[in-house]
Amino acid sequence: PQTPIEESPVGVLLTQSGDLALLHQRAVASRIKTKLASRGFKLGDAFTKFDTNRDGSLTAEELYGGLKWLGLEMSPAEIMDIVRGFDTNGDNTVTLQEFKKALHVPGMEDDELLDDDAPAFVDTAPINPPAAMSGTSPSPEAGGGPHSD
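Right, let's walk through the structure included here. Bear in mind the structure is a predicted one, so any value in this text is a computation, not a measurement. (Residues numbered from 1 in each chain as written. Predicted model: local features only at pLDDT ≥ 70, side-chain atom pairs only at ≥ 80, totals over all residues. Heavy atoms only, no water.)

## A word on the pattern of salt bridges
Applicable threshold: By definition here, a salt bridge exists when the distance from a side-chain nitrogen of Lys or Arg to a carboxyl oxygen of Asp or Glu is within 4 Å. Strands here mean DSSP runs of E at least two residues long; helices mean DSSP runs of H or I at least four residues long; both are numbered from the N terminus. Exposed residues in this analysis have more than 50% of their type's maximum accessible area, buried residues have under 20%, and partly exposed residues fall in between, with area computed by a 1.4 Å probe over protein chains only.
Applying the stated criterion to the full structure yields three salt bridges. One salt bridge connects K42 with D45, and the closest N-O pair in it is separated by 3.9 Å. For the salt bridge of R84 with D81, the shortest nitrogen-to-oxygen distance reads 2.7 Å. Residue R84 and its partner D81 are both found in helix α5 (residues 76-86); the two are separated by three residues, about one turn of the helix. Residue D81 is classed as partly exposed on the basis of its relative accessible area, which comes to 41%.

Structural data, given as C-alpha cells:
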C-alpha cells in the first residue's frame, strides 16, 4: 500500500515547515494554467468567462464551474482550498488580481497567459453555473460546462 505523502519523511518535513500547502497550491495552479493554455485562453479572458455573474470576482461556485468546464474535476473541499489559497483579502472570493497572482508558478513560463495584450482565441459561449451549488460548498454532482445561446 502507498503511504500518504503527509506520513512520509518528506511530507512530515514539508508539513512542519508549511511548504506542503504551498507545493499543492503551485501544483493546482500549474494544472489550471496548462488547461487554459491548451484552450488558448489568457488569464483575464478565462477569469471573465468563469465570472458568470459579472461582478468582478469569482465565488467558489463560479470557480468550480470554470474548472469543471476546463476538464479539471475537483471535490468541493479542493475548490474551497483553492479559493482560500487564491483569496488574499479574506472575502472568500477571487479577484482578477488574485487569480493572476495565484496562477504565477515559479519555473513555469507565463508567456502570453499573463500578457493581456497578446492575441488569444476566446470562446465566448458562457459557462453554465453549477445548478446544485448552495452557499460555498460546491457539489461534485453539479453541472458546469459551455452551452450555446
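## Looking at the environment of E62
Filter applied, for reference: Should any heavy atoms of two residues lie within 4.5 Å, those residues are counted as being in contact. Identification of polar contacts relies on pairs of N or O atoms within 3.5 Å, with a donor-acceptor requirement for protein atoms, meaning one able to donate a hydrogen and the other able to accept it, and with residues adjacent in sequence counted only if both atoms are side-chain atoms.
Tracing the backbone through its elements, the reader meets E62 in helix α4 (residues 60-70). Sequence-distant contacts of E62, defined by excluding residues within four places in its chain, comprise F50, D51, T52, N53 and S57. Looking at E62, its side chain comes within polar contact range of the main-chain nitrogen of T52, at 3.1 Å.

## A short note on the packing of aromatic side chains
We count it as follows: Two rings from Phe, Tyr or Trp (for Trp, the six-membered ring) form a pair when their centres sit within 6.5 Å of each other. Planes less than 30 degrees apart are called stacked, planes more than 60 degrees apart edge-to-face, and all others tilted. Only lysine NZ and arginine CZ atoms are considered, and such an atom sits over a ring when it is within 6 Å of the ring centre and within 35 degrees of the ring normal.
In this structure the tally under the stated criterion is three aromatic pairs. An angle of 85° between the planes, with centres 5.7 Å apart, marks the rings of F41 and W69 as edge-to-face. Here the residue F41 occupies a position in the loop between α2 (19-38) and α3 (43-50), and W69 occupies one in helix α4, the gap between them amounting to 28 residues. The exposure class assigned to W69 is buried, which follows from its relative accessible area of 5%. Aromatic pair F50 and F99: ring centres 6.2 Å apart, planes at 80°, arrangement edge-to-face. In this pair, F50 is assigned in helix α3 and F99 in helix α6 (residues 96-102), connecting sequence segments 49 residues apart. Residue classification places F50 among the buried residues on the basis of a relative accessible area of 1%. Residue class for F99 comes out buried when judged on its relative accessible area of 0%. One aromatic cluster is present, formed by F47, F50 and F99 through successive ring pairs. The positively charged end of R39 is found above the aromatic ring belonging to W69, 4.0 Å away from the centroid. The positively charged end of K49 is found above the aromatic ring belonging to W69, 4.8 Å away from the centroid.

## Quick word on the nonpolar core
The test is simple: Within this scheme, the nonpolar core is defined by two criteria: the residues are buried Ala, Val, Leu, Ile, Met, Phe, Trp, Tyr or Cys, and they are joined through side-chain atoms within 4.5 Å.
Core analysis: the largest hydrophobic core is formed by 27 residues, its most contacted members being L36, F50, L67 and F99. If you list the elements that add at least two residues to this core, you get α2, α3, α4, α5 and α6. By residue number, the principal contributor to this core is α4, which donates six residues.

## Structural notes on the layout of surface pockets
Where we set the bar: In this analysis a 1.4 Å probe is tested at points of a 1 Å grid over the protein atoms alone, and where it fits but cannot get out there is a cavity; an open set with protein on both sides within 12 Å along at least five of seven lines is a pocket; lining residues have an atom within 4 Å of a point. Grid points are joined across faces, edges and corners, and a volume is the space filled by probe spheres set on the points.
The space that makes up the largest pocket amounts to roughly 180 Å³. What lines the largest pocket is simply A21, H24, Q25, V28, E78, D81, I82, G85 and F86. Every element with two or more residues in the lining of the largest pocket is listed here: α2 and α5. Among the elements that make up the lining of the largest pocket, the one with the highest residue count is α5 (five residues).

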